[in-house]
Amino acid sequence: MEDATWDVQAGSQSLRLPIVPLSENFAICLLMTIDEPIATMQQCSVELAAKLPAGIEAVASAATLGIPIGAGVATALGLPRQYVLQKTKKKHLEDALLEPLESLTTQGDQFLRLDRRWMGHLSGKKVAFVDDVISSGGSCSAALKLLRAAGADVVAVGVVLAEGN
């Protein structure tokens with residue numbers, strides 16, 4: 001039997017995404033930004049950046065699948081970097097700002113982490129949080145709480161795809 005797929009439009013880009021069951025009665029189409037052509041994700045990022053309000057001073061994204069989008073949006077806005085909210089515990093993040101999160105696609109206790117060295121870079125800045133997909137909103141909500149705890153003025157949220165009704 002052939003794997004089920006779903007054709008979606010992400011701005012001007014056509015994507016054929018696999019349908020992944022999460023339970024007996026619930027499935028999602030899965031965008032894996034790291035598995036898509038680089039040029040496709042770059043174009044999605046350019047188009048997403050164009051939809052953000054003027055005056056964005058910093059871009060934050062969530063590891064791991066939001067990283068290509070964050071890098072592309074920051075580049076399109078002429079910014080030198082993105083600020084990645086990490087999900088895995090690492091030595092250099094032992095004193096990171098933490099925010100618990102729930103995600104539809106990952107099981108178990110999770111946290112978003114912001115390296116404290118970036119707090120001064122984000123505090124008082126107009127920040128856009130960008131990601132690959134929003135499903136339940138759990139990751140996005142955690143990211144906004146974390147960025148605000150760092151003093152960021154989050155003025156926009158942008159995603160390539162929104163799942164659900």
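Up top is the structure.
On a predicted model such as this, the values are computed, not experimentally measured, just so you know. (Residues numbered from 1 in each chain as written. Predicted model: local features only at pLDDT ≥ 70, side-chain atom pairs only at ≥ 80, totals over all residues. Heavy atoms only, no water.)

K.L.:
So what about the overall build of the protein chain? Which residues, and what values?
P.N.:
Helix and strand content of the protein chain: 4 helices and 9 strands. Counting from the amino terminus, the protein chain carries its helices and strands in the arrangement β-β-β-α-β-α-β-β-β-α-β-α-β. Against the globule reference of 15 Å for 165 residues, the protein chain gives a C-alpha radius of gyration of 16 Å, in line with a compact fold. Judged by the C-alpha coordinates and their principal axes, the protein chain covers about 55 × 35 × 30 Å. Counting over 165 residues, the protein chain shows a buried share of 42%. In the protein chain, 62% of the contacts between residues at least 6 apart in sequence involve partners at least 24 apart. Of the accessible surface of the protein chain, which amounts to about 9300 Å², a share of 51% is contributed by carbon and sulfur atoms. (Helix = DSSP H or I, 4+ residues; strand = E, 2+ residues; numbered from the N terminus. Rg over C-alpha atoms; globule rule 2.2 N^0.38 Å. Buried < 20%, exposed > 50% of the residue type's maximum accessible area, 1.4 Å probe, protein only. Contact = heavy atoms within 4.5 Å. Areas by Shrake-Rupley, 256 points an atom, 1.4 Å probe, with all protein chains shown as cover.)

K.L.:
Account for the nonpolar core, naming residues and giving values.
P.N.:
Ranked by internal contacts, the top residues of the largest apolar core, which has 23 residues, are L31, V73 and L161. Of all the elements in the fold, those that place two or more residues in this core are β1 (5-10), β2 (13-23), α1 (38-51), α2 (67-76), β8 (126-134) and β9 (153-162). With sequence-adjacent residues up to four places away left out, V73 is seen in contact with S45, L48, A49, L52, V59 and V130. Core analysis: the second largest hydrophobic core is formed by 22 residues, L97, L122, F129 and A143 among them. (Core = buried A, V, L, I, M, F, W, Y, C linked by side-chain atoms within 4.5 Å.)

K.L.:
Outline the sheet that holds β2, supporting the account with residue identities and numerical values.
P.N.:
Here 3 strands make up an open sheet; going across it, the order is β1-β2-β3 and the pairing antiparallel. Edge positions in the sheet fall to β1 and β3 (26-29), since each has one partner strand and no second. This sheet shows a mean twist of 35° between the axes of neighbouring strands, independent of strand direction. In this sheet, β3 lies alongside β2 in antiparallel orientation, the contact comprising 4 bridges. Its bridge partner lying in β3, S23 is registered against F26. (Pairing = 2+ DSSP bridges. Axes fitted to C-alpha atoms, helices over the stretch in contact; angles between N-to-C directions.)

K.L.:
Tell me what's going on with the pattern of salt bridges, and back it up with residues and numbers.
P.N.:
Considering all chains together, one arrives at 3 salt bridges under this definition. Note that K91 and E94 form a salt bridge whose closest N and O atoms lie 3.0 Å from each other. The exposed category is assigned to K91, whose relative accessible area is 66%. Accessibility expressed as a relative area gives 57% for E94, which makes it exposed. (Salt bridge = Lys/Arg side-chain N within 4 Å of Asp/Glu carboxyl O.)

K.L.:
Any details on α1? Residues and values, ideally.
P.N.:
Between its terminal C-alpha atoms α1 stretches 20 Å, which fits the 20 Å expected from 14 residues at 1.5 Å a residue. Turning to α1, its buried residues are T40, M41, C44, S45, E47, L48 and A49. Buried residues belonging to α1 abut β1, β2, α2, β8 and β9. (Expected span 1.5 Å × (residues − 1).)

K.L.:
Please give an account of the side chain of S61 that cites residues and values.
P.N.:
The residue S61 is located in strand β4 (residues 58-62) in this model. By relative accessible area, S61 is classed as buried at 0%. The residues contacting S61, other than those within four sequence positions of it, are G66, I67, G70, Q82, Y83, V84, L85, F129 and V130.

K.L.:
Residues and numbers for the environment of S136, please.
P.N.:
Tracing the chain through its elements places S136 in the loop between β8 and α4 (138-149). Sequence-wise, S136 and E163 are 27 residues apart; in three dimensions their C-alpha atoms are separated by 8.1 Å.

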